[in-house]
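For reference, the chains in residue letters:
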Amino acid sequence: MISMGSMLKAEWRLFCWFVLSSTQKPQLHTDLDPGISKIKYILSGDGAGTIFVINDKTGDIHAMKRLDREEKAEYTLTAQAVDRDTNKPLEPPSEFIIKVQDINDNPPEFVDGPYHATVPEMSIVGTYVTKVTATDADDPVYGNSAKLVYSILEGQPYFSVEPHTAIIKTALSNMDREAKEEYTVVIQAKDMGGHMGGLSGTTTVTITLTDVNDNPPKFAQSLYHFSVLEDISIGEPIGRVKANDLDIGENAKSSYDVIEGDGVDIFEITSDSQTQEGIIRLRKPLDFETKRSYTLKVEASNVHIDPRFISVGPFKDTATVKIVIEDADEPPIFSSPSYLLEVHENAAINSVIGQVTAHDPDVSSSSIRFSIDRNTDLERQFNINTQDGRITLATPLDRETSTWHNITIVATEDRNPSQISRVPVAIKVLDVNDNAPELASGNEAYLCENGKTGKVIHTMRAIDKDDPKNGHYFVYNLPQEMANNPNFTIEKNQDNTLNILTKHNGFSRQKQEVYFLPIIISDSGNPPMSSTSTLTIKVCGCSNEGIAQSCNAEAYVLPIGLSMGALIAILACIILLLVIVVLFVTLRRHKNEPLIIKDDEDVRENIIRYDDEGGGEEDTEAFDIATLQNPDGINGFLPRKDIKPDLQFMPRQGLAPVPNGVDVDEFINVRLHEADNDPTAPPYDSIQIYGYEGRGSVAGSLSSLESSTSDSDQNFDYLSEWGPRFKRLGELYSVGESDKET
């Protein structure tokens, strides 16, 4: 069994000081040790061989370096006794724990420092400010190494700290932020319960006093002077005043008011939220000629008041403001801001409608010149006297066209034309009775053949473009010559309308289809105006319900029971038959007329047109074309070109096929004669004649068709005299002659 010194347990405590200074050492020993050196002690576990070593002969354990409980508080080791020669275990291994006992080797530390805190100014004694905390790495269980006590080194007599809780409080009342805003406090934490020999640490706490509203606003001066021109616009700033407040933020905000003075209604004062100034503005127009100075008393007061400091005094201040008005060149002023004039629409040209007046408000008054802004009177219907402002009529008016005319009158100073004023003038055109009444709707009506006596067949409504004050009232009458009309009568209604009634029944379309009834419509104007409107009344066939179905006489003679749809169907069939007959006759006529065949499609004759050039005079194999040289020479007969023959078609005799070897000249003449005498042939020949130059030609013919001489008699030298083009032609013919002779 292993033992340590005289103790029989494997758990030991090793003090750091003991490691450094004590001569006592832990020792391992086995009861099997006979005292000879055959036993060997070995050590394993935490720190074995590095921190702890064992004497293999004696079993003494040594610490090789300084131990720090804050790094590792205990070590677990295993010891065993073995045979020195064979290294065989003599006993089972034994485990033991070495615990490092703490000493006061770590000072307190403020991990979160330095600190910042705030407290309202003017706070009472004992007001909580903040709390600080220090930590000690030593063992809080063993001894007083980690027992801390707090104290204040700097910051007295303004603040204090509670020794055990480290709570900082105010120690002095009525600390004024405006006097001193920031304080630096040094707090100390000491271990060992604050006794001698303990370690300590410090931290800094910066304490700022926050503002409270404990100061009233105060004007920098008691009297302010401002001057302003009389023509300043309403709402424009005149000047600024400021009441200073030692407080800050919301506590420094002040509101301004005009509380006294002769300009309470003329001026106002508002607060500038950025600069905390009072801005004096104009509320009403100024007039130098009426009043030249004003005195105001303005007040500045705090917006937010702390009830705790009401006893300090009123949180407001007052100042006097004097405002001097300076003269300015003002524009003319009209006697009224607007004018309303009335004129009858039949007013005479150049008659006076009304008058506007204006004056110069300045001390040195200037004469005024009036004019009309023509942009508001494009048709130039009005004029104005430039001196006295009388408005006259320039063109006739018509209320029915335009009831209102809105113009602008301009007043200009003669002394300073840049000073102008404008005023709106509304001109109302009054009505006169100059329009006759007339029918409001159509002037046609109808009545039924089966209508009864006294039946209302139409209701007339009249309109009048005029607008009388008491409304319209129309009078309806029949002309004197129609007063005893046997067919119709009229009846006035209370709503200003007129009913047309029949005097008898039995109207017939066959007897009279249309009736004309003239009616005279008069208004109640002075003088009254009237017009005659003629009502056209048609007699119609109606259904049993009185609905008109047909209003013409022709419809009356139609078979009874024949509807309009049936009539339309019958007419459509008749038109279709007529179209078929016309088409049939047209086709028969086209079939009897001879068809004109174009030259390209005429294949009745064996005459073929060639587009290539022939062989010339030397080509005499096909046929003799001498007969085509001059068509005038063939039996003295000239074929017609453009006259269609009036002869009836005569069937011509069929020609027997021409046998081979027949004379081509004879064949062509026969065909030509037949074509000229055929009345059904087209009015032109399909044979084109090229051999005839025409008569009266000075140059003569260039064609070889009329050449009666032989090739040997031809001399082509004269072609060279006609120019380069004909020279080449002469050379070709000359070469041909020389080749023939060769």
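Since we're looking at a predicted model, the values are computed, not measured.

Q: Account for the overall build of the chain, with residues named and values stated.
A: Scanning the chain from terminus to terminus reveals four helices and 41 strands. Of all 742 residues assigned to the chain, the portion counted as buried reaches 33%. Long-range contacts, defined as pairs at least 24 residues apart, comprise 67% of the intrachain contacts of the chain with a sequence gap of at least 6. In the form shown here, the chain has an accessible surface area of approximately 46500 Å², with 52% of it arising from carbon and sulfur atoms.

Q: Tell me about the state of the cysteines, and please be specific about residues and values.
A: Linking two cysteines covalently via their sulfur atoms produces the bond known as a disulfide. Per the counting criterion, the structure on display carries one disulfide. A disulfide bridge connects Cys448 with Cys542, and the sulfur atoms are separated by 2.0 Å. Across the S-S bond of Cys448 and Cys542 the torsion is about -90°, and the bridge reads as left-handed. Linking Cys448 in strand E34 (residues 444-448) with Cys542 in strand E40 (residues 530-542), this pair joins segments that are 94 residues apart in sequence.

Q: Can you explain the sheet that holds strand E13 (residues 167-170)? Please cite residues and give values.
A: Taken in spatial order, the three strands of this open sheet run E10-E13-E12, and their pairing is antiparallel. Of all the strands in the sheet, just strand E10 (128-131) and strand E12 (159-161) have a single pairing partner and so form its edges. Geometrically, the sheet is characterised by an average inter-axis angle of 25° between neighbouring strands, direction not taken into account. In the sheet, E12 pairs with E13 via three bridges, with the strands oriented antiparallel. Across the sheet, the residue bridging to Ser160 is Lys169, located in E13.

Q: Give me the pairing of strand E25 (residues 339-344): which residues, what numbers.
A: With burial as the criterion, only one face of E25 is covered, namely that bearing Tyr339, Leu341 and Val343; the residues Leu340, Glu342 and His344 on the opposite face remain uncovered. Bridge count between E25 and strand E32 (residues 420-430): six bridges; the pairing is parallel. Opposite Leu340, over in E32, you have Ala426 as the bridge partner.

Q: For the nonpolar core, give the residues involved together with the corresponding values.
A: Counting residues in hydrophobic clusters, the biggest one holds 25 residues, and the most contacted among them are Phe267 and Ile323. Looking at this core, the elements with two or more residues in it are strand E17 (223-229), strand E18 (237-244), strand E19 (254-261), strand E20 (267-271), strand E21 (277-282), strand E22 (293-302) and strand E23 (316-326). Setting aside residues up to four positions removed in sequence, Ile323 forms contacts with Phe226, Val228, Ile238, Phe267, Ile280, Arg292, Ser293, Tyr294 and Leu296.

Q: How would you summarise the environment of Gly201 if you had to cite specific residues and measurements?
A: Topologically, Gly201 is positioned in strand E15 (residues 200-210). Under the relative-accessibility criterion, Gly201 is labelled buried at 11%. Taking the C-alpha atoms as reference points, Gly201 and Ala134, 67 residues apart in sequence, are found 8.1 Å from one another. Filtering out sequence-adjacent residues up to four positions away, Gly201 remains in contact with Pro108, Phe110, Ile187, Gln188 and Ala189.

Q: Can you explain the packing of aromatic side chains? Please cite residues and give values.
A: Taken as a whole and assessed by the stated rule, the structure comprises eleven aromatic pairs. Seen from their ring centres, Phe507 and Tyr515 are 5.6 Å apart, and the 85° between their planes marks the pair as edge-to-face. Residue Phe507 is classed as buried on the basis of its relative accessible area, which comes to 5%. For Tyr515, a relative accessible area of 9% corresponds to the buried category. Seen from the ring of Tyr294, Lys291 lies directly overhead, with NZ or CZ sitting 5.3 Å from the centre. Positioned over the ring face of Tyr473 is Lys492, at 4.2 Å from the centre of the ring.

Q: Would you mind going over the sheet that holds strand E11 (residues 149-154) in detail, with residue names and values included?
A: In spatial order, the strands read E9-E15-E14-E11; together these four strands make up an open sheet with mixed pairing. Each end of this open sheet is capped by a strand with a single partner; those strands are strand E9 (115-120) and E11. Each neighbouring strand pair of the sheet contributes to a mean axis angle of 35°, computed without reference to strand direction. As paired elements, strand E14 (residues 182-190) and E15 share nine bridges and run antiparallel to each other. When the bridges of E15 are listed, Val185 appears paired with Val205.

Q: Can you explain the pattern of salt bridges? Please cite residues and give values.
A: The tally for this structure, following the rule as stated, stands at 17 salt bridges. With a shortest N-O distance of 3.0 Å, Asp211 and Arg177 are connected by a salt bridge. Pair noted here: Asp211 is in the loop between E15 and strand E16 (218-219) and Arg177 is in the loop between E13 and E14, with a separation of 34 residues, a long-range link. Each member of the pair, Asp211 together with Arg177, is buried.

The rules we used
Starting from 1, residues in each chain are numbered consecutively following that chain's sequence as written. Note on the predicted model: pLDDT of at least 70 is required for a residue's local features to be given, and 80 or more for side-chain atom pairs to be given and counted; whole-chain, interface and lining totals, by contrast, use all residues. Hydrogens and water are ignored here; the side-chain numbers use all heavy atoms of the structure. To qualify as a helix, a DSSP run of H or I must reach at least 4 residues; to qualify as a strand, a run of E must reach at least 2; elements of each kind are numbered from the N terminus. Here's how the labels work: a residue is buried when its accessible area is under 20% of the maximum for its type, exposed when over 50%, partly exposed in between, all with a 1.4 Å probe on protein chains only. Residues are treated as being in contact if the distance between any of their heavy atoms lies within 4.5 Å. Note that accessible areas follow from Shrake-Rupley with a 1.4 Å probe, and for residues the cover is restricted to the protein chains shown. By disulfide we mean two sulfur atoms from cysteines, separated by a distance within 2.5 Å. Here, any two strands with at least 2 DSSP bridges between them count as paired. In this analysis an axis means a line fitted to C-alpha atoms, helices contributing only their contacting stretch, and an angle means the value between N-to-C directions, from 0 to 180 degrees. What we call a nonpolar core is a set of buried Ala, Val, Leu, Ile, Met, Phe, Trp, Tyr and Cys residues that are connected through their side-chain atoms within 4.5 Å. Here a Phe, Tyr or Trp ring, Trp counted by its six-membered ring, pairs with any other such ring whose centre lies within 6.5 Å, and the pair is stacked when the planes are under 30 degrees apart, edge-to-face when over 60, and tilted otherwise. Note on geometry: a ring has a charge over it if NZ (lysine) or CZ (arginine) is within 6 Å of the ring centre and within 35 degrees of the ring normal. Salt bridge, as used here: a side-chain nitrogen of Lys or Arg that lies within 4 Å of a carboxyl oxygen of Asp or Glu.

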